[in-house]
Amino acid sequence: MTSELFSPLSLHSGQVLKNRIAKAAMEENMAGNGQLPDEQLFTLYRRWAAGGTGLLITGNVMVHAEALTGPAGVVLDENAPLEPFTEWAKAGKSGGAAIWMQINHPGRQVVSDMPGVVWGPSDIGVSLGKHSSRFGRPTAMTPQQIDETVARYAVTARRAEQAGFDGVEVHAAHGHLLSQFLSPLVNKRTDPWGGSLENRARMLLDVVRAVRAAVSPSFAVAVKLNSADFQRGGFDADDARQVIEMLEPLGVDLVELSGGSYESPAMTGRSADARTQAREAYFLDLAKDLVRTSPLPLMLTGGITRRVTAERVLDSGVAVVGMGTALAVTPDLPDRWRKDREADRIMRPVTWSDKALASAAGMAQVRHQMRRLARGSSPRPGTHPAIALIAEQRKQRKALRTYRAWLSKPRTAA
């Protein structure tokens, strides 16, 4: 059966994706020694590369060694050796897909026991009720720190290209640093980075300009953006529409739409204001509105597990279908769709009443599947979320000790 899902897509940079199916970024938290990718990630990406996707987007790679979303995060800065990243790029390309590196800074979303820095546009901490103490209290960034961070994104993008990646995706969603600057709830600055949407978008636009200037014209540059934060008074769909228009003149190839943050985990189907629910294509309604005016091709991620849903997403005018959890459970799902088959199993969402804990358990379940793939084993989507969460916490404690020791040692440019 022919389908637009399996038609190529030409991008502004001249890059051509072999089909419209992408593995969206999922935070692997699987760095090896030195916060570098190793055989685990190589094996994992070879599994996905063999599954038929047109595009693989890595889990977030950190631009600042002192600011990680988790202690086993991968870091690519001016001091990191390139060889492990070259192997990672080769693994991702081994099945004919393009591979893009998602690049990120967590800002204030850093757990409280992590060393390093906790920065934000303002000194407003993550609000999770009884779980708020899980995160460090941020300090408001100085103009110099903002400029230095913009430069770090450019360094990471340039080195990703040198390592053989086909593009980067700048992460400006899910409550990470650039998303924090966009949010009127988090960004209370009164200087050129705060107030109006144009000011709140300044850091993202500066990052994209710096990245585009640091890489070749044929290297893809994408942005991951919230369609909405799903918090009353926060970044909303009209803001997203305006930011997409601001990005268009800057040489952006693709904007991936998602939604939510740790405070409102809509990306797992559990938003704080109940405008999404645990169903397929969480953000499709918002995407339909945005695609009507978007001057850039859009990618939609969130809850897509079946071909009929993916087809419906493309029928709405979205250019690329992004999947995360579905490919952690069934890494060859695109090839199955091509043969008119579906996944044998799906992972059920965690529906605990404590949304913050449910979100953490859901992410632990997904990482459990990715680790099984990385060992060459088959996924086990039936693993109880509590068991996955406990195992994840143990791994994170061990990784934290390793990260602390690594961060305490002097590093020199590679």
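Undergrad: Got a sec to walk through the overall build of the chain? Specific residues and values, please.
TA: Within the chain, the secondary structure is distributed over 13 helices and 14 strands. Computed over its C-alpha atoms, the radius of gyration of the chain comes to 19 Å, within 12% of the 22 Å expected for a compact globule of 414 residues. Oriented by its inertia axes, the alpha-carbon framework of the chain measures out at about 55 × 45 × 45 Å. Taking all 414 residues of the chain together, the buried fraction comes to 61%. For the chain, the share of sequence-separated contacts (at least 6 apart) that also reach a separation of at least 24 residues comes to 71%.

Undergrad: Got a sec to walk through a positive patch on the surface? Specific residues and values, please.
TA: On the surface, a cluster of positive charge is made up of Arg375, Arg380, Arg394, Lys395, Arg397, Lys398 and Arg401. You can see Arg401 is positioned in helix 13 (residues 385-407).

Undergrad: Kindly report on the environment of Leu225, identifying the contributing residues and their values.
TA: One can find Leu225 in strand 11 (residues 220-226). When its relative accessible area of 0% is taken as the criterion, Leu225 is described as buried. A C-alpha to C-alpha distance of 8.9 Å links Leu225 and Val243, two positions 18 residues apart in sequence. Discounting chain neighbours no more than four positions away, the residues touching Leu225 are Ala172, Ala173, Leu182, Phe235, Ala240, Val243, Ile244, Val255, Glu256, Leu257 and Ser258.

Undergrad: Could you give an account of the pattern of salt bridges, with specific residues and numbers?
TA: Taken as a whole, this structure holds 20 salt bridges when the rule is applied. One salt bridge connects Arg307 with Glu311, and the closest N-O pair in it is separated by 3.3 Å. Linking Arg307 with Glu311, this pair stays in helix 9 (residues 307-315), spanning 4 residues, or about one helical turn. Among the residues examined, Arg307 registers a relative accessible area of 7% and is labelled buried. Salt bridges sharing common partners tie together Glu27, Arg367, Arg371 and Glu392.

Undergrad: I'd love a proper account of the nonpolar core, names of residues and values included.
TA: Formed by 96 residues in total, the largest nonpolar core has its most connected members in Phe85, Met203, Leu204 and Leu247. Not counting the four nearest positions on each side in its chain, Leu204 is found in contact with Val170, Ala172, Leu178, Leu182, Val223, Val243 and Leu247.

Undergrad: Provide a residue-level description of unusual backbone geometry, including the pertinent values.
TA: Residue His174 is not a glycine yet carries a positive backbone phi of 60 degrees. In this structure, His174 sits in the loop between strand 10 (167-172) and helix 4 (177-182). A relative accessible area of 12% means that His174 is categorised as buried. Notably, Asp340 is not glycine yet its phi reads approximately 60 degrees, a positive angle.

Undergrad: Could you give an account of the packing of aromatic side chains, naming the residues involved and the relevant values?
TA: According to the stated counting rule, one finds 5 aromatic pairs in the structure shown. Ring geometry for Phe85 and Trp88: centres 6.4 Å apart, planes at 40 degrees, overall tilted. Of this pair, Phe85 and Trp88 are both found in helix 2 (residues 83-93), 3 residues apart, which corresponds to roughly one turn of the helix. Using a relative accessible area of 0% as the deciding quantity, one classes Phe85 as buried. One aromatic cluster is present, built from ring pairs that chain together Tyr45, Trp48, Phe85, Trp88 and Phe165.

Undergrad: So what's going on with the environment of Leu247? Which residues, and what values?
TA: With respect to the helices, strands and loops of the structure, Leu247 is situated in helix 7 (residues 237-247). Owing to a relative accessible area of 0%, Leu247 belongs among the buried residues under this scheme. Sequence spacing of Leu247 and Asn187 is 60 residues, and the spatial spacing of their C-alpha atoms is 20 Å. In this view, Leu247 contacts Leu204, Leu205, Val208, Val223, Val252, Val255 and Leu296; residues no more than four positions away in its chain are not counted.

Undergrad: Got a sec to walk through the pairing of strand 13 (residues 298-301)? Specific residues and values, please.
TA: Of the two faces of strand 13, the one lined by Leu298 and Leu300 and the one lined by Met299 and Thr301 are each fully buried. Here 3 bridges tie strand 12 (residues 254-258) to strand 13, and the two strands are oriented parallel to one another. Directly across from Glu256, in strand 13, lies its bridge partner Met299. Across 3 bridges, strand 13 lies against strand 14 (residues 320-323) in parallel orientation. Each residue of the ladder has a partner; that of Met299, found in strand 14, is Val320. What joins strand 13 to strand 14 is helix 9, and the crossover it makes is right-handed.

Undergrad: Which residues make up the packing of helix 1 (residues 39-49) against helix 2, and what values do they have?
TA: In contact at an axis separation of 7 Å, helix 1 and helix 2 are set at 20 degrees when each is read in the N-to-C sense. The orientation of helix 1 relative to helix 2 falls into the category roughly parallel. Helix 2 is crossed by helix 1, and the crossing has right-handed handedness. Together, Leu41, Phe42, Tyr45, Arg46 and Ala49 of helix 1 and Pro84, Glu87, Trp88, Ala91 and Gly92 of helix 2 make up the contact between the two elements. When the residues that make up the contact of helix 1 with helix 2 are grouped by side-chain class, the tally is 7 nonpolar, 1 polar and 2 charged.

Undergrad: How would you summarise the side chain of His105 if you had to cite specific residues and measurements?
TA: Tracing the sequence through the fold places His105 in the loop between strand 7 (98-104) and strand 8 (119-120). A polar side-chain atom of His105 sits 3.4 Å from a polar atom in the side chain of His64.

Undergrad: Please give an account of the environment of Gly167 that cites residues and values.
TA: Within the element layout of this structure, Gly167 appears in strand 10. You can call Gly167 buried: its relative accessible area is 0%. Separated by 118 residues in sequence, Gly167 and Asp285 have C-alpha atoms that sit 28 Å apart. With near-sequence residues (within four places) excluded, Gly167 lies in contact with Ile99, Trp100, Met101, Phe219 and Ala220.

Calculation rules
- Numbering of residues begins from 1 in every chain and follows the order in which that chain's sequence is written.
- For a predicted model such as this one, the threshold for reporting local features is a pLDDT of at least 70, and the threshold for listing and counting side-chain atom pairs is 80 or more; totals across whole chains, interfaces and linings nevertheless cover every residue.
- For side-chain calculations, the full set of non-hydrogen atoms in the structure is used, while hydrogens and water are omitted.
- Secondary structure elements follow DSSP: runs of H or I no shorter than four residues count as helices, runs of E no shorter than two count as strands, and numbering proceeds from the N terminus.
- Atoms considered for the radius of gyration are the C-alpha atoms alone. The globule rule reads 2.2 Å times the number of residues to the power 0.38.
- Think of it in three bands: residues with accessible area under 20% of the maximum for their type are buried, residues over 50% are exposed, and the middle band is partly exposed, with areas taken using a 1.4 Å probe on protein chains only.
- Contact between two residues is taken to exist if any of their heavy atoms lie within 4.5 Å; hydrogens are not considered.
- Residues enter patches when they are more than 30% accessible in relative terms and free of salt bridges; like-charged ones are connected within 9 Å and nonpolar ones (Val, Leu, Ile, Met, Phe, Trp, Tyr) within 5 Å.
- Surface accessibility follows the Shrake-Rupley procedure with a 1.4 Å probe radius. Residue values consider only the protein chains on display as shielding.
- Here a salt bridge means any side-chain nitrogen of Lys or Arg lying within 4 Å of a carboxyl oxygen belonging to Asp or Glu.
- Positive charges come from Lys and Arg alone, negative charges from Asp and Glu alone, with His and the N- and C-terminal ends not counted.
- For this purpose, a charge sits on NZ of Lys, CZ of Arg, CG of Asp or CD of Glu.
- Put simply, a nonpolar core is a bunch of buried Ala, Val, Leu, Ile, Met, Phe, Trp, Tyr and Cys residues held in one set by side-chain atoms that sit within 4.5 Å of each other.
- Two aromatic rings, drawn from Phe, Tyr or Trp (for Trp, its six-membered ring), form a pair once their centres lie within 6.5 Å of each other, and the interplanar angle then sorts them: stacked below 30 degrees, edge-to-face above 60, tilted otherwise.
- One requirement defines pairing of two strands: DSSP has to find at least two bridges between them.
- Clockwise travel from the first strand over the helix to the second, with the strands pointing away from the viewer, marks a crossover as right-handed.
- Note on geometry: axes are C-alpha line fits, over the in-contact stretch for helices, and angles between N-to-C directions span 0 to 180 degrees.
- Any angle from 65 to 115 degrees is called roughly perpendicular, while one under 35 is roughly parallel, one over 145 is roughly antiparallel, and all others are oblique.
- What makes a crossing left-handed is the near helix being turned counterclockwise from the far one by less than a right angle; a clockwise turn instead makes it right-handed.
- Residues are grouped as follows: nonpolar covers Ala, Val, Leu, Ile, Met, Phe, Trp, Tyr, Cys and Pro; charged covers Asp, Glu, Lys and Arg; every other residue, Gly included, is treated as polar.
- Under this definition, polar contacts are N or O atom pairs within 3.5 Å; protein pairs additionally need one hydrogen-donor-capable and one acceptor-capable atom, and for neighbouring residues in sequence, both atoms have to be side-chain atoms.

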